[in-house]
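# Examination of the molecular architecture
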Amino acid sequence: AHSVVRAMHLVLRDAILGVHMQSSGQRSLCSGKPFLGCTFSCQGSHARARGNAGMLGLPPRPKKSPLDGLHTRAGIKVVHLMPRSATLEQAGGLHRMTLRGHSGPVRRVVISPNGRDVITVSEDGTAQVWDMNVGDFVMQLARDKPLTDVAVAPDGQLAAVASLDGNCCIWDLDSGQVRHVLKGHAARVNAVVIDRQGLRCVTASDDGTVRVWALADGSCEQILEGHGGDQEGLVLDVAISADGCLAATVSDDATVCVWDLDDEVCMHVLEGHTGWVVSVEFIGSTSELVTASHDLTARVWDGVRGRCMHVLKGHAGRLNKVTVDASGTHAVTCSDDLTARVWDLDTGECLSVLKGHSAWISDAVLTRDGSRCVTVSGDAVAIMWDAKTGGMLNLLEGHSDAIRSVVLTYHGGFTVTASDDCTVRVWDTKAPPFKKVAKHAGRVTQLRPLPDGRHVLSAGDDGVAQVWDAGTCTAVRVLGGGGGGAALSYLMAARSGTVAVTGSADRRICVWDTCTGELTKELPPQHGSRVKHMAFDGSCSVAALLLFDSTVLLVDVPAGRTRELVSRKDVGVLSSGLNAVDVVPSGRLVLAWSKDGSTRVWDASSGALVRMVPGPVPTAPVLAVAVGPDEAILATGSGDRAVRLSRMADGAALAVLTQPGGAPMTEAGTSGSSAGALMEFSPDGQLLAVVLDGVTLAVWDLAAGVAQRPLVLPPPSSEVTGMAFAPVGQILATWGSDCTLRLWCCGEAAMGEQLAFFMVDAAVTSVCFVGGRVPRPGETSGGRPPEDCIADIVALGDAGGYVHFIDFPRELQMAAW
């Protein structure tokens, strides 16, 4: 009874708040509410022995006691953090749910005839069946090759799944078993279709052939050849007429073939296009068909007579797709010219031009009556249109990468979109649009707290930096008054005062007054090699730039002077290749680490090379570097999963730690570390968190002694792309592409336990803590930090351009102590 009452309380709370509490990415399509059970329980705590304390000169951390009421040693309740403003999609709003489970781009989405099940295929080699009433996938087919297309039988019992290896699987959607594997194609299968009678399956392949299969036993009934003439032509798409008698195929040879499936002959080769023909559909219940081509036109054909009825002209870019409504009266064409066009198929007249996307349009769908149209694009946006007037009805925002496929439910009430961001989203197309707070026009690249403890600075791919009031969750100032320039990939706010600095790949560095928003100094963009990595000191007065040609530049920001620490003529450095650079907070030293396993250290005032610190293994590349808060210890992580601790003063080795995990990393990335390679010291320098493979996160208690085993946190569902310690140092935040922020306890009270989480609508890109300062040495009383050291807000930026502000309860933080 208590559980039921609590569940009812959670639903009521969500309804009152009107906030999308996305606990597990699952929501009911009917109610628009999250599922019950937002509070989870993790069992078991990680115990570590203590010994060799003070080996690195760090005092041991005093033992703490857990607070009563929040958790016990046996288990800890994971708290769903609360947003301070409506930056998430509201329950019952335009965006109903996000279906997460694929690990690669989702290429195609279809809806089963029952109107409830969504079927998706992905480049990760899996096909998944999703129940929209549950919000989770209920069945999965795993293949060893990327999947390309899917079709569902009219009774909804079978699905045909095509793959890159030339095979096609007939999947029983009731039992989840593969009935038949259709083998015969010698190359990728581009398209698959099932006739309305549920008897035949037709596949089109890059091997230049079309194959007709019997669904009953999986046998190949026909091999249709004819495209390409003497040369092998790629068959790009296929369609079957409503009566199941005709098939139409299109190819890169600029022709359309119409086949009689009963007599097994090619009736006509339709010529007229002058470029690749990429899409074909039959019109309603007739034998007429419409095709789309890279020659900028679409054509309407009489499939029986073999003649062209209309040429649909008007696009200024190649066509990618053509779709016909259920009645067969209208078609919509999708083009690289950023527009879609709606056509009257009886007259060939263009009824409306749909303008509003900022990238190529990849797919479109019309409602059954042809009155509305949904288009999807490479700009990660779907748009609902009035098909007759061309007016925009709804903007469906939320994906963070190109959208490849779109479908509508039978009555057009819900739209389902599939994207390269590995997610599928369900939209209530009849709901009014939900107006959100201000946002970046592109991905949020970095967040930094300002020294006043009340404001946050954000930078984005849109070339804009904004100042946010964390208390009111509003953007109060845009630095420079606008964007339009290169993406701001690098950002730093001075530890005191109102100075901030931004950097972009074109070497442009801007100094801002965060109080007034004025640009106080600018180092203009420069030609030549672009920036591979950039770093600033804590006062925003020293910058280090690593260019893609391995040049390292040291910039005196106030004076605007630049000197070369490493030039292109330095053959020794170029032969090894540099991965990234850093500047210590005091600005005294500049670091650059390399694929040869070494880290170079320069004196920032003189530009002289002070020393070269070898890596744990000389032949393994250094993937990530971290400097202790007192700048006394240097930590370097290499591709063989080893972490070397060195003394900054002379480069002497203090210890070598080995990160648990699987195979060694072999390659370094191009933006400061290997993909997923991260290292972070806690503010007091007693903890070191390391991720070298994107998955295994180990935390060493340096005060306990390096001989102790590290704390290994449970592996996440996707790659860890960022982490940060809270100011009090006992809580570690991690985030990644699974759209989830997780807070972990690294203190004695609940060591290694997940304390809290928060889910957003796109991949998390940056996180910072607001409102707390780092405790000074010896400042903790009774094992607990002073009140003004406890941050009460977490700021989070995502790939959709939103900045979220989340309550960070003090009780939760104190429990970690």
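Residues numbered from 1 in each chain as written. Predicted model: local features only at pLDDT ≥ 70, side-chain atom pairs only at ≥ 80, totals over all residues. Heavy atoms only, no water.

Broken down by element type, the chain carries three helices and 65 strands. For the chain, buried positions account for 60% of its 817 residues. Just so you have it, the chain exposes about 30,700 Å², and 51% of that area is on carbon and sulfur atoms. (Helix = DSSP H or I, 4+ residues; strand = E, 2+ residues; numbered from the N terminus. Buried < 20%, exposed > 50% of the residue type's maximum accessible area, 1.4 Å probe, protein only. Areas by Shrake-Rupley, 256 points an atom, 1.4 Å probe, with all protein chains shown as cover.)

On to the sheet that holds strand β47 (residues 578-583). Pairing within the open sheet is antiparallel, and its four strands lie in the order β47-β48-β49-β50. One side of each edge strand has no neighbouring strand; the edge strands of this open sheet are β47 and β50 (609-614). Each strand of the sheet is rotated relative to its neighbour by a mean of 20°, with strand direction disregarded. (Pairing = 2+ DSSP bridges. Axes fitted to C-alpha atoms, helices over the stretch in contact; angles between N-to-C directions.)

The phi angle at Glu 264 is positive, at roughly 60°, despite the residue not being glycine. Among the residues examined, Glu 264 registers a relative accessible area of 49% and is labelled partly exposed. Unusually for a residue other than glycine, Cys 540 sits at a positive phi of about 65°. Here Cys 540 lies in the loop between β43 (531-536) and β44 (542-547).

Moving on to the sheet that holds strand β39 (residues 488-493). Overall, antiparallel pairing links the four strands, which are arranged β39-β40-β41-β42 in an open sheet. Looking at which strands have only one partner, the edges of the open sheet turn out to be β39 and β42 (519-523). Between one strand axis and the next, the sheet turns through 15° on average, direction left out of account. With five bridges connecting them, strand β40 (residues 499-504) and strand β41 (residues 509-513) associate as antiparallel partners.

Another point: the pairing of strand β4 (residues 106-111). Both β4 and strand β5 (residues 117-122) contribute to a ladder of five bridges, which runs antiparallel. By the bridge assignment for β5, Val 106 is matched with Ser 122. The loop that links β4 with its antiparallel partner β5 comprises five residues; one of these, Gly 115, has a positive phi angle of about 75°.

Enumeration over the complete set of coordinates arrives at two aromatic pairs. The interplanar angle of 55° and the centroid separation of 6.2 Å between the aromatic rings of Trp 468 and Phe 805 together place this pair among those described as tilted. Of the two residues, Trp 468 sits in strand β37 (residues 465-469) while Phe 805 sits in strand β65 (residues 803-807), which places them 337 residues apart along the sequence. The exposure class assigned to Trp 468 is buried, which follows from its relative accessible area of 0%. The class of Phe 805 is buried, set by a relative accessible area of 1%. Their ring planes at 40° and their centres at 5.6 Å tell us that Phe 769 and Phe 808 sit as a pair that is tilted. (Phe/Tyr/Trp six-rings, centres within 6.5 Å; stacked < 30°, edge-to-face > 60°.)

Structurally, Thr 599 can be placed in strand β49 (residues 598-603). Taking the relative accessible area as the measure of exposure, Thr 599 reaches 0% and is therefore buried. Ignoring any residue separated from it by four or fewer positions in sequence, one finds Thr 599 in contact with Leu 591, Ala 592, Trp 593, Arg 611, Met 612, Val 613, Val 622, Val 625, Leu 634 and Thr 636. (Contact = heavy atoms within 4.5 Å.)

Time to look at empty space enclosed by the protein. In the structure shown here, the tally under the stated rule is three cavities of 30 Å³ or more. Size it by volume and the largest cavity reaches roughly 90 Å³. Along the walls of the largest cavity sit 15 residues, with Pro 716, Val 720, Thr 734, Arg 742 and Trp 744 positioned nearest its centre. For the lining of the largest cavity, the elements supplying multiple residues, two or more each, are β60 (731-736) and β61 (740-745). Among the residues forming the lining of the largest cavity, the class breakdown is eight nonpolar, four polar and three charged. (1 Å grid on protein atoms, 1.4 Å probe; cavity = no way out; pocket = protein on both sides within 12 Å on 5 of 7 lines; lining within 4 Å. Points joined across faces, edges and corners; volume = space filled by probe spheres on them. Nonpolar A, V, L, I, M, F, W, Y, C, P; charged D, E, K, R; others polar.)

As for its placement among the helices and strands, Arg 108 is situated in strand β4. Judged by its relative accessible area of 25%, Arg 108 is partly exposed. For the pair Arg 108 and Glu 123, spaced 15 residues apart in the sequence, the C-alpha separation amounts to 9.9 Å. Each residue touching Arg 108, except ones within four places of it in the same chain, is listed here: Ile 119, Thr 120, Val 121, Asp 149, Val 150 and Ser 405. Side-chain polar atoms of Arg 108 contact the side chain of Asp 149, separated by 2.8 Å. (Polar contact = N/O pair within 3.5 Å; in protein donor to acceptor, adjacent residues only side chain to side chain.)

For β37 and strand β38 (residues 474-479), the ladder comprises five bridges, and the chain directions are antiparallel. Within β38, the position partnered with Trp 468 by the bridge is Ala 475. Linking two consecutive strands that pair antiparallel, namely β37 and β38, is a turn of four residues; a positive phi of about 60° is found at Cys 473 within it.

So, about the nonpolar core. Leu 741, Leu 743, Phe 769, Leu 796 and Phe 808 are the most contacted members of the largest nonpolar core, which has 25 residues in total. Of all the secondary structure elements, the ones that give two or more residues to this core are β60, β61, β62 (754-759), β63 (764-770) and β64 (793-798). Among residues more than four places away in sequence, those in contact with Leu 743 are Leu 81, Ile 731, Leu 732, Ala 733, Glu 753, Gln 754, Leu 755, Ala 756, Phe 769 and Phe 808. Of all hydrophobic cores here, the second largest spans 19 residues; its members include Ile 633, Phe 681, Leu 692 and Trp 700. (Core = buried A, V, L, I, M, F, W, Y, C linked by side-chain atoms within 4.5 Å.)

On to the environment of Arg 188. Along the polypeptide, Arg 188 turns up in the loop between β11 (178-182) and β12 (189-194). C-alpha separation for the pair Arg 188 and Asn 167, spaced 21 residues apart in sequence, amounts to 7.8 Å. In this view, Arg 188 contacts Thr 148, Ser 163, Leu 164, Gly 166, Ala 204, Ser 205 and Asp 206; residues no more than four positions away in its chain are not counted.

On to the side chain of His 440. Within the secondary structure, His 440 sits in the loop between β34 (423-428) and β35 (444-449). A relative accessible area of 0% places His 440 in the buried class. The residues contacting His 440, other than those within four sequence positions of it, are Ser 458, Ala 459, Gly 460, Asp 462, Val 464, Gln 466, Gly 800 and Gly 801.

Looking now at the pattern of salt bridges. Tallied over the full model, the rule gives 21 salt bridges. Ionic pairing is found between Arg 454 and Asp 452, a salt bridge with its closest N-O pair at 3.9 Å. For Asp 452, a relative accessible area of 36% corresponds to the partly exposed category. The residue Asp 650 makes a salt bridge to Arg 647 at a minimum N-O spacing of 3.1 Å. What you see here is one network of salt bridges that share partners, running through Arg 107, Glu 123, Arg 404 and Asp 420. (Salt bridge = Lys/Arg side-chain N within 4 Å of Asp/Glu carboxyl O.)

Linking two cysteines covalently via their sulfur atoms produces the bond known as a disulfide. Considering all chains together, one arrives at zero disulfides under this definition. Free cysteine Cys 334: the closest other cysteine sulfur is in Cys 373, separated by 7.2 Å. Accessibility expressed as a relative area gives 0% for Cys 334, which makes it buried. No disulfide involves Cys 422; its nearest neighbouring cysteine sulfur is the one of Cys 739, lying 9.6 Å away. (Disulfide = S-S within 2.5 Å.)

Mapped onto the elements, Val 627 comes out in strand β51 (residues 622-627). Excluding its chain neighbours within four sequence positions, the residues that come into contact with Val 627 are Val 584, Leu 591, Ile 633, Leu 634 and Phe 681.

Looking at the chain as a whole, its pLDDT mean stands at 83, while 82% of the residues score no less than 70. The low-confidence segment residues 1-75, where pLDDT is below 50, has 175 contacts with residues more than four positions distant or belonging to other chains. Note on residues 663-675: pLDDT under 50 across the span, and 35 contacts to partners over four residues away in sequence or across chains. (pLDDT = per-residue confidence, 0-100.)

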